[in-house]
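# Residue-level structural notes
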Amino acid sequence: MDRVRPSAIRELLKHGADPALISFGGGYPDQRLFPLDDLRSVFDALLQPERAASLQYTTSDGLPALREAIAERMTAQGTPMDADDVLILSGGQQGLDLVAKLLVDPGDTVIVEDPTFLGALIAFAPLEPTYATVRLDEHGMDTDHLAEVLAANPGVRMLYTVPDFHNPTGVTMSLERRRRLVELANEHDIVVLEDSPYRELRFDGEPVPTLKSLDTEGRVIHLSSFSKILAPGMRLGWLAASPELRERLGLLKLAADTQSGTLAMHATASFIAGFDLDAHVDRLRDAYRAKRDLMLGTIDEAFPASVARTSPEGGLFTWLTFPDGFDSARFMAEVALPDAKVAYVPGTTFFAGGGHPNHARINFSNVTADDIVAGITRLGHHLRRELA
């Protein structure tokens, strides 16, 4: 427990009680886009006497109909699998926890991107890993640097990556680097955890094949979630893995919570069978694309030229880089929150080794268009004064 710390994002969200505050902090989807009418009809149909089994225990690996639906969907999107390869999770976060339990003993080396997803660091912390970090650029994890890190760290147990619309930076790993990453994983005999909950939220360009689809030796575990494409309150995610890994992860799942919620699994399977999930995701893409474009355009107009930002092709975030010497946590505490009434996530919390205070993660999905313009403009006004 010495390594378990409160989430900086959860602590930040405590400020949400201030009605004047505009928060770009959480990675929430827009609840105004939840398919409420369709879900209401699904739950109404399930909560009938003849469907009482929807509230009963079910198999630990997950409802067979839902596993089959996921396998069909992923196969159609270019990652072939069948239902036996799929394990249903209580949110994608559980996958991080289970994989770490399976693979990591105290002191083992885990490779992560620099920066990486805060939730992964929180999930891995109780297993007491040692981190080796690999730099990131606009094409994702730098695989030349990865080769150097692997050579310097023999015996790495696991590599963790967010290849699609990376959290927190928003960048996407190129196909060339994905292929090279799989080659290096084969050479060094390591398991790769591919965390891709934002993959379907692509606004521009063509999808890049998953690492799992490029896997030649069954060492990639693919992790995803319904939180960003349906509703996070359903608390459903899934992983796909080789039979040996999938079986062992299923045993850990059984020990952790017996099973994911039966009602949520039935509802999600019924939604996929009875409604058009692809059409719903298209609506999400259109809405989030418009928000991204508005946010990036407003940043370019309102922020000083010394502040750089990424240009995500999808997902929920952009990443800010301030001049050297700037402390985004101090600025938020002393200026952004009290004066601009704006919140974001300071960047240092996403680095496994800490440091790097001159960054911040900005979310655009869970904010109205008016609040994007107002919040970014106010933030820009204070940044211009600070960085003059």
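Use the structure listed above.
Predicted, not measured: the structure shown is a model, and the values here were computed from it.

This part is about the overall build of the protein. The number of helices and strands found in the protein is 13 helices and 14 strands. Since a compact globule built from 388 residues should have a radius of gyration of about 21 Å, the 21 Å found for the protein is in line with a globular shape. Seen along its three principal axes, the alpha-carbon backbone of the protein occupies a region of about 65 × 55 × 40 Å. Looking at the protein as a whole, 54% of its 388 residues qualify as buried. Counted over contacts in the protein with a minimum sequence separation of 6, partners at least 24 positions apart contribute 74%. Carbon and sulfur atoms form 51% of the exposed surface of the protein, whose accessible area is close to 16,300 Å².

What follows is about the side chain of His280. Structurally, the position occupied by His280 is in helix H11 (residues 277-302). Those residues in contact with His280, other than ones at most four positions away along the chain, are Leu33, Pro35, Ile229 and Leu230.

Our next topic: helix H6 (residues 143-152). Taken residue by residue, H6 has Thr143, His145, Leu146, Val149 and Leu150 as its buried positions. Viewed end-on, H6 has its buried residues packed into an arc of 145°, placing them on one side of the element. Away from the buried face of H6 by more than 90 degrees, exposed residues Asp144, Glu148, Ala151 and Ala152 are located. Those residues of H6 that are buried are in contact with strand S3 (109-114), strand S4 (130-137), strand S5 (140-141), strand S6 (158-161) and helix H7 (175-188). Between the side-chain oxygen at the start of H6 and the backbone nitrogen of Asp144 there is a gap of 3.0 Å, and the oxygen is on Asp142.

As a packed pair, helix H12 (residues 328-340) and helix H13 (residues 369-386) sit with axes 10 Å apart at the nearest point and diverge in direction by 130°. If you check the angle between H12 and H13, you find them oblique. When the axes of H12 and H13 are compared, the crossing they make is right-handed. Between H12 and H13, the contacting residues are Arg330, Phe331, Val335, Ala336, Asp339 and Ala340 on the first element and Arg378, Leu379, His382, Leu383 and Glu386 on the second. Residues of the contact of H12 with H13, tallied by class, amount to six nonpolar, one polar and four charged.

For the rest of this paragraph, the subject is the environment of Asp370. Residue position: Asp370 is located in helix H13. Residue class for Asp370 comes out exposed when judged on its relative accessible area of 64%. Separated by 76 residues in sequence, Asp370 and Leu294 place their C-alpha atoms 9.8 Å apart.

Attention now moves to the pattern of salt bridges. For side chains bearing opposite charge, pairing can occur when the charged atoms are close. This model, assessed by the stated rule, comprises 29 salt bridges. One salt bridge in this structure joins Arg246 and Asp61, with 3.0 Å as the shortest N-O distance. Of this pair, Arg246 sits in helix H9 (residues 243-257) while Asp61 sits in the loop between helix H2 (36-46) and helix H3 (64-76), placing them 185 residues apart in sequence. Judged by relative accessible area, Asp61 falls into the partly exposed class, the value being 23%. Where Asp278 meets Arg73, a salt bridge forms, and the shortest distance between an N and an O atom there is 2.8 Å. Here the residue Asp278 occupies a position in helix H11, and Arg73 occupies one in helix H3, the gap between them amounting to 205 residues. Residues participating in the shared-partner salt-bridge network are Asp30, Arg32 and Lys291.

A separate point is the sheet that holds strand S2 (residues 86-89). Spatial strand order, S2-S9-S8-S7-S6-S3-S4-S5: eight strands in an open sheet with mixed pairing. Lying at the two open borders of the sheet, with one neighbouring strand each, are S2 and S5. With four bridges joining them, strand S8 (residues 220-225) and strand S9 (residues 237-240) adopt antiparallel strand pairing. Across the sheet, the residue bridging to Ser224 is Trp238, located in S9. Strand contacts of H3: S2, S8 and S9, with the helix running at about 115° to S2, the strand carrying the most contacts. With respect to the sheet, helix H4 (residues 92-103) is in contact with S2, S6, strand S7 (191-195), S8 and S9, its orientation differing from that of S8 by roughly 155°.

Rules used in this analysis
Residues numbered from 1 in each chain as written. Predicted model: local features only at pLDDT ≥ 70, side-chain atom pairs only at ≥ 80, totals over all residues. Heavy atoms only, no water. Helix = DSSP H or I, 4+ residues; strand = E, 2+ residues; numbered from the N terminus. Rg over C-alpha atoms; globule rule 2.2 N^0.38 Å. Buried < 20%, exposed > 50% of the residue type's maximum accessible area, 1.4 Å probe, protein only. Contact = heavy atoms within 4.5 Å. Areas by Shrake-Rupley, 256 points an atom, 1.4 Å probe, with all protein chains shown as cover. Arc of directions from axis to C-beta. Polar contact = N/O pair within 3.5 Å; in protein donor to acceptor, adjacent residues only side chain to side chain. Axes fitted to C-alpha atoms, helices over the stretch in contact; angles between N-to-C directions. Parallel < 35°, antiparallel > 145°, perpendicular 65-115°, else oblique. Left-handed = near helix turned anticlockwise from the far one by under 90°. Nonpolar A, V, L, I, M, F, W, Y, C, P; charged D, E, K, R; others polar. Salt bridge = Lys/Arg side-chain N within 4 Å of Asp/Glu carboxyl O. Pairing = 2+ DSSP bridges.

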